[in-house]
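Chain residues, written in single-letter form:
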There are 2 protein chains.
Amino acid sequence: MTGHSHSPYLEDIPLDTALQRWWDALAEAGLHGLMPGEIVALDEAVGRVTAAPVWAAVSSPHYHASAMDGYAVHADATRGASEMRPRQLKVGTEAFYVDTGDPIPPHTNAVIMLEDVQLSGPSGAQQIEILAPVAPWQHIRPMGEDMVATELILPANHLLRAQDIGAAAGSGHGTLAVRQKPRVAILPTGTELVKPGAALHPGDIIEYNSLVLGAMVAEWGGAVTRLPMLSDDYEAIREAVLAAAEQHDLVIVNAGSSAGSEDFTARIVAEVGRLLVHGIAIRPGHPVIMGLLRLSDGPLSDETGDRWVPVIGLPGYPVSAAITCELLVKPTVARWLGRPPEERPAVEAILTRKVVSPDGEEEYLRVTVGKVGERLVATPLPGGSGVLMSLVRADGIVRIPRGVTGFEPGATVTVGLLKSPGLLARTIVAIGSHDLTLDLLADELGQRFPGTSLSSANVGSLGGLLALSRGEAHLAGSHLLDEATGEYNLSYIRRILPAVKVVVLGFVQREQGLFLPKGNPKGIRGIADLAREDVAFINRQRGAGTRVLLDYLLRQANIDSSAIQGYHRQEFTHLAVAAAVASGAADCGLGILGAARALDLDFIPIGEEQYDLIIPAGVYEGAALAPLLSIIRDPAFARRVIKLGGYGTPRIGQVLAELGDGPG
Amino acid sequence: MTGHSHSPYLEDIPLDTALQRWWDALAEAGLHGLMPGEIVALDEAVGRVTAAPVWAAVSSPHYHASAMDGYAVHADATRGASEMRPRQLKVGTEAFYVDTGDPIPPHTNAVIMLEDVQLSGPSGAQQIEILAPVAPWQHIRPMGEDMVATELILPANHLLRAQDIGAAAGSGHGTLAVRQKPRVAILPTGTELVKPGAALHPGDIIEYNSLVLGAMVAEWGGAVTRLPMLSDDYEAIREAVLAAAEQHDLVIVNAGSSAGSEDFTARIVAEVGRLLVHGIAIRPGHPVIMGLLRLSDGPLSDETGDRWVPVIGLPGYPVSAAITCELLVKPTVARWLGRPPEERPAVEAILTRKVVSPDGEEEYLRVTVGKVGERLVATPLPGGSGVLMSLVRADGIVRIPRGVTGFEPGATVTVGLLKSPGLLARTIVAIGSHDLTLDLLADELGQRFPGTSLSSANVGSLGGLLALSRGEAHLAGSHLLDEATGEYNLSYIRRILPAVKVVVLGFVQREQGLFLPKGNPKGIRGIADLAREDVAFINRQRGAGTRVLLDYLLRQANIDSSAIQGYHRQEFTHLAVAAAVASGAADCGLGILGAARALDLDFIPIGEEQYDLIIPAGVYEGAALAPLLSIIRDPAFARRVIKLGGYGTPRIGQVLAELGDGPG
């Protein structure tokens, strides 16, 4: 698995240029056309693409059909009928019982509904009495009402939906000609790879890119073969790539696409075929390889007598791999199927933060999206090409074109959505301090109110209040200690949100303390030890309530922050701090008991702190927040919080204060 | 297959009431909860729903990993390095080669990129020379950067996407717990049913509803069993329904849901369980049955010791069946999976025609949608609950609530889309006269320009010009003969579109004539015979060019239209007129040779006529129409038209006139 580094032949070309080279080379090799057709049963045809137009083989109905249960008659025989002068028609010669769907007997041209006739005659079923004339063709579905033989039912290149299958069947077809699925092989390479679920040793990387890429390609209509992963052995990879090319329409090699010891794909392509592209100016995703392999035997596809098979090398970082797969493989598969690449639903949203993007690169930014007030707001998620969770947590993707160096906060951007637009109005946007109990809340929300979700961006307590002041969030988790009053949050809210009417909702009390490796090898006993030369600390980011607490504790202990090794090294969540200590990257950090327990660390309690939810009054009273409030106030939820350990819930769900005069 | 008639227990209740009864009864029977979980392999989990939250079992990375190919060092060892005073570090003790992804060796805390060091020493690989100090943690991905053990990766009830599978694998999972798919049986009933592809006899109905319903339910996440179709035999159907109930979570019985000889489902449900609903005030779809079957053995699901299984009877007409399935089965399956029912993307569009809807019913209108100028316009498609093509041709569905009696033209309506919103801008809207060559054009368009489509509404030539005058279409096919001048279209355009600048584009010349049954049994020789008492004519609708031609011919022959049997019986397309003659519903009709050939009719030519495309100048010059124009002007397309027979293309693609001064 290789990263974002340089190699002798790494280029930096625009995406459009890369794709143009690709299409040109495919065309030259005779590989730009449509997949051939194959015949499939109707119940296997949904989601496939028609390989030929479907013309009606029969009409539907293929006879004149009664549209009602009743009696078929000739309209002429009913002329002059009225309540005063009812007409009698003999059943079997002048009137014929028909069910809905039955053919109309010869010499009849109208149907009278069952409830509009009286049966009469000795046994009550020999004649019918009618009280009004009927018009010709009343209650008859004429032949061909739905489909007429020879008319176009479905064009070629049509993506088959449920109703299309019905129309094909109804117009006389028992099978359908659909395009063969492009066969796509995915070959994961890297000596360090291990299978999902395997026991892990340092340096092992769980191979899941082939699962992600395979699922994506299958969704786009490809027939995917996930090949066994290979170590970084040039001959073995070369052999596997050539073997895959024999059996597939496209070979995807994952990783091995940049510099370093794993960089084989480009060499194989250059040696066995044509290397078209090596490096595209997109981020994440730069080190991409595109080329054609030349196979010496097999069916020929160009005039030289060679057969060419396209190959794409995708980067190893998961976000890079997924995004470049979508940019390159999706249009290729779509072209072979004769379909436009399926586009994500797009919305316009207000960007909540400044974004800086390199001038020369096209960037794909992962954002959360929610509706706050009347505006859709998009908040960029942190994390580089190695942070798959940025793609999991994202509600959408913002494309920043080459030549655009970023956006200011408040800019309107177009977001390609990863969730259905209808769900955006049911997304509760939390921006502020992180707490494990927010994860619980998110889980309960999804369970109890399907379709509702909690989208949290962790920017620390102060950042959350600032987001509320800009109308970018529904709520902010906050645990800001006012050193002067000993109160939490209130003075900060008064300062940062003077014009906004907000509700301070009690949430949890939590134990803050020092994280230490198991067994406390450095014998740390309290805050004073943080200044020791042999102690490496890991801090939280500016604006985090935990950092405010640390500064308070340092001042109380009369310790200068410059005396602390690692004061400026910062993480954004409790768990990240705990992970730093667990891995030995730091000797000590400050955070909540829950995170220490989760990673099996020693913990020296320093005190309880209050973690509240700050909610604009308008949001608090609105319908969008009601599901969340009902969970917070359910004792079952409080019990689940307590079970985590390190939490108290004495004031959960209580309105602790209402502040501000402005609009909520 | 039964229609829209009445029965002893048919109700007429609002949809909401029916659904409330349904949820209440399911809850009472203990059937309202979530499906239990099952463990599946990761590569089978996409599209499934998590049955439990997924917490990270391991961190990712689970060690501090190099983010670059280069040398791992301790930052302290680089202090003070500069170009003037390079620092040398010994490889193997002070600097360690690492590939991207490798763990950082103990006692190192930064990585220097390969290209930033010089190798030196006797063999060139014993030490590295560096020219600048590095910061601690440079080019290192700290443990837990992506996921930290114990953090929430995915909530319960989450619909799994490709990236989610990766995150589950990356956080240490080798399998996933997902909800079992609700097992849904579909039982088609009706003596008249035959399998798709079978030879047809009058009265046979091709059974395709189970294909359509099965594909829909599978898409919503159900595990579908399509049962063999059954004749209308009460005992056999009862036995099959009860057997299906033993093995499934929901039984759908298709047809047999209204009055008539096929009406068994309601009786079975009433006898073996609880009939909850029989008849919902929706259109199409009225005769729906909802109930619970009580099974005497098997696992128990309530305190009475009975097991209940829900059953839904859906109407036989295909549009009714599909729409009621969506309204009733989709939310049921979604609830069992813990998901919100997937909503269609919605857009606002301008309705082009008046729509009348019954006050007491909720109606689901099928519409075509296209972007004309800056507006999205929606045009209702003709056809009742038996016209499946209205659902195939529809771009979207407009819901008309109870209590709303319709819309005026120009009203803004919300359209639930059946195609992706991005494709609407690539939909060319043709409203006007019908011609077979428009089907060819639609097919070529889809083949040559994937994603582009031609959506035609057939309202006759005059209707098309009126649609253009209201800005509702991109083009109108027209063949309106001016009896005074012998010219086609021009005088009509001057009258109807005085203020619109339009281009008249030559398209096809076509042969009009009389359609007669094979062998011409009534010996019809020309227009004069239409007035014969024994000849039943079938006409085209008012405004159709063919009707204008008929009236012209009648006046020339001095025949009064009232003398013609069937002058007022009208069809909307050439093929529908041909079908009426082919089936014996009429003895004669007027139309084009292509339609007569398609249905193997005799044809008496009456003359050639000109069929042009009328296009507002603004549209003609715009990008949206370019694909269509390129096809029209391609000689290969003209050859395909000629092959149909009855067509000439002497002026295809030529601009015959430019009229009007107004905006195009």
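Up top you'll find the structure we're talking about.
Residues numbered from 1 in each chain as written. Chains lettered and ligands numbered in written order. Predicted model: local features only at pLDDT ≥ 70, side-chain atom pairs only at ≥ 80, totals over all residues. Heavy atoms only, no water.

Q: Quick rundown of the pairing of strand β24 (residues 362-372) of chain B? Include the residues and the values.
A: On a regular strand, each side chain points to the face opposite its neighbour's, so the side chains alternate between the two faces of the sheet. Residue and element names in this part refer to chain B. Burial analysis of β24 places 10 of its 11 residues in the buried class, the great majority of the element. Note that strand β19 (residues 282-283) and β24 share 2 bridges and pair parallel. Bridge assignment links Arg-283 to a residue of β24, and that residue is Glu-363. Bridge count for β24 against strand β26 (residues 396-400) is 5 bridges, and the pairing is antiparallel. Residue pairing across strands places Arg-366 opposite Ile-397, the latter belonging to β26. Note that β24 and strand β25 (residues 375-380) share 6 bridges and pair antiparallel. Across the sheet, Val-372 pairs through a bridge with Arg-375, a residue of β25. Linkage of β24 to β25, two consecutive antiparallel strands, is achieved through a turn of 2 residues, within which Gly-373 is found at a positive phi near 65°. (Buried < 20%, exposed > 50% of the residue type's maximum accessible area, 1.4 Å probe, protein only. Helix = DSSP H or I, 4+ residues; strand = E, 2+ residues; numbered from the N terminus. Pairing = 2+ DSSP bridges.)

Q: Lay out the packing of helix α8 (residues 436-448) of chain A against helix α16 (residues 635-644) of chain A with the relevant residues and their values.
A: A pair of packed helices is captured by two measures, namely the crossing angle of their axes and the spacing between those axes. Residue and element names in this part refer to chain A. With their axes 11 Å apart at the nearest point, α8 and α16 run at an angle of 140° to one another. Where α8 crosses over α16, the two elements pack in a sense that is right-handed. For the pair α8 and α16, the contacting residues are Leu-436, Thr-437, Leu-440, Leu-441, Asp-443, Glu-444 and Arg-448 in the first and Ala-636, Phe-637, Arg-640, Val-641 and Leu-644 in the second. (Axes fitted to C-alpha atoms, helices over the stretch in contact; angles between N-to-C directions. Left-handed = near helix turned anticlockwise from the far one by under 90°. Contact = heavy atoms within 4.5 Å.)

Q: Lay out the interface of chain A and chain B in plain terms, naming residues and giving numbers.
A: On the chain B side, the residues contacting the 111 residues of chain A number 111 residues. Of the roughly 8,500 Å² buried between chain A and chain B, counting both surfaces, carbon and sulfur atoms make up 63%. Interface area lost by chain A to chain B is led by Asp-146, Gln-163 and Met-389 of chain A, which between them contribute 6%. For the pair chain A and chain B, the number of links is 4 salt bridges. At the junction of chain A with chain B, the criterion picks out 24 residue pairs in polar contact (both at pLDDT 80 or more). Residue contributions to the side of chain A that touches chain B peak at 8 residues, all from helix α2 (residues 162-170) of chain A. Here the residues of the side of chain A that touches chain B sort into 57 nonpolar, 31 polar and 23 charged. (Buried area = accessible area lost by both parts, 1.4 Å probe. Salt bridge = Lys/Arg side-chain N within 4 Å of Asp/Glu carboxyl O. Polar contact = N/O pair within 3.5 Å; in protein donor to acceptor, adjacent residues only side chain to side chain. Nonpolar A, V, L, I, M, F, W, Y, C, P; charged D, E, K, R; others polar.)

Q: For the pairing of strand β36 (residues 602-616) of chain A, give the residues involved together with the corresponding values.
A: All names here are of chain A. Direction of pairing for strand β31 (residues 476-478) relative to β36: antiparallel, over a ladder of 3 bridges. Bridge pairing in β36 links Ala-476 to Ile-614. The pairing of strand β32 (residues 502-516) with β36 spans 14 bridges and is antiparallel. The partner of Phe-515 across the bridge, within β36, is Phe-603.

Q: Tell me about helix α1 (residues 15-28) of chain A, residues and numbers included.
A: Structural remark: α-helix, 3.6 residues per turn; residues separated by three or four positions point the same way. Residue and element names in this part refer to chain A. Taking 1.5 Å per residue as the helical rise, α1 with its 14 residues ought to reach 20 Å, and the 20 Å between its terminal C-alpha atoms agrees with that figure. Residues of α1 that are buried: Leu-15, Ala-18, Leu-19, Trp-22, Trp-23, Ala-25 and Leu-26. Viewed along the axis of α1, the buried residues span an arc of 165°, placing them on a single side of the element. Along α1, exposed side chains directed more than 90 degrees from the buried face belong to Asp-16 and Glu-28. Two residues or fewer past α1, Gly-30 is found with a positive phi of approximately 75°. (Expected span 1.5 Å × (residues − 1). Arc of directions from axis to C-beta.)

Q: Please set out unusual backbone geometry residue by residue, giving values where relevant.
A: The residue after Ser-60 of chain B, namely Pro-61 of chain B, is reached through a cis peptide bond having omega -5°. With respect to the helices and strands, the residue Pro-61 of chain B is situated in the loop between β2 (54-55) and β3 (65-66). Backbone torsion omega between Arg-283 of chain B and Pro-284 of chain B reads -5°, so that peptide bond is classified as cis. Within the element layout of this structure, Pro-284 of chain B appears in the loop between β19 and β20 (289-295). Phi is positive for Asn-558 of chain A, close to 60°, though the residue is something other than glycine.

Q: Go over the sheet that holds strand β5 (residues 87-90) of chain A with me, naming the residues and quoting the values.
A: Residues and elements named next belong to chain A. The strand order β5-β9-β8 describes an open sheet built from 3 strands, whose pairing is antiparallel. The open sheet terminates on both sides in strands that have one partner only, identified here as β5 and β8 (118-120). Pairs of neighbouring strands in the sheet enclose a mean axial angle of 35°, with direction left out of account. Relative to strand β9 (residues 127-130), β8 is paired through 3 bridges, and the arrangement is antiparallel.

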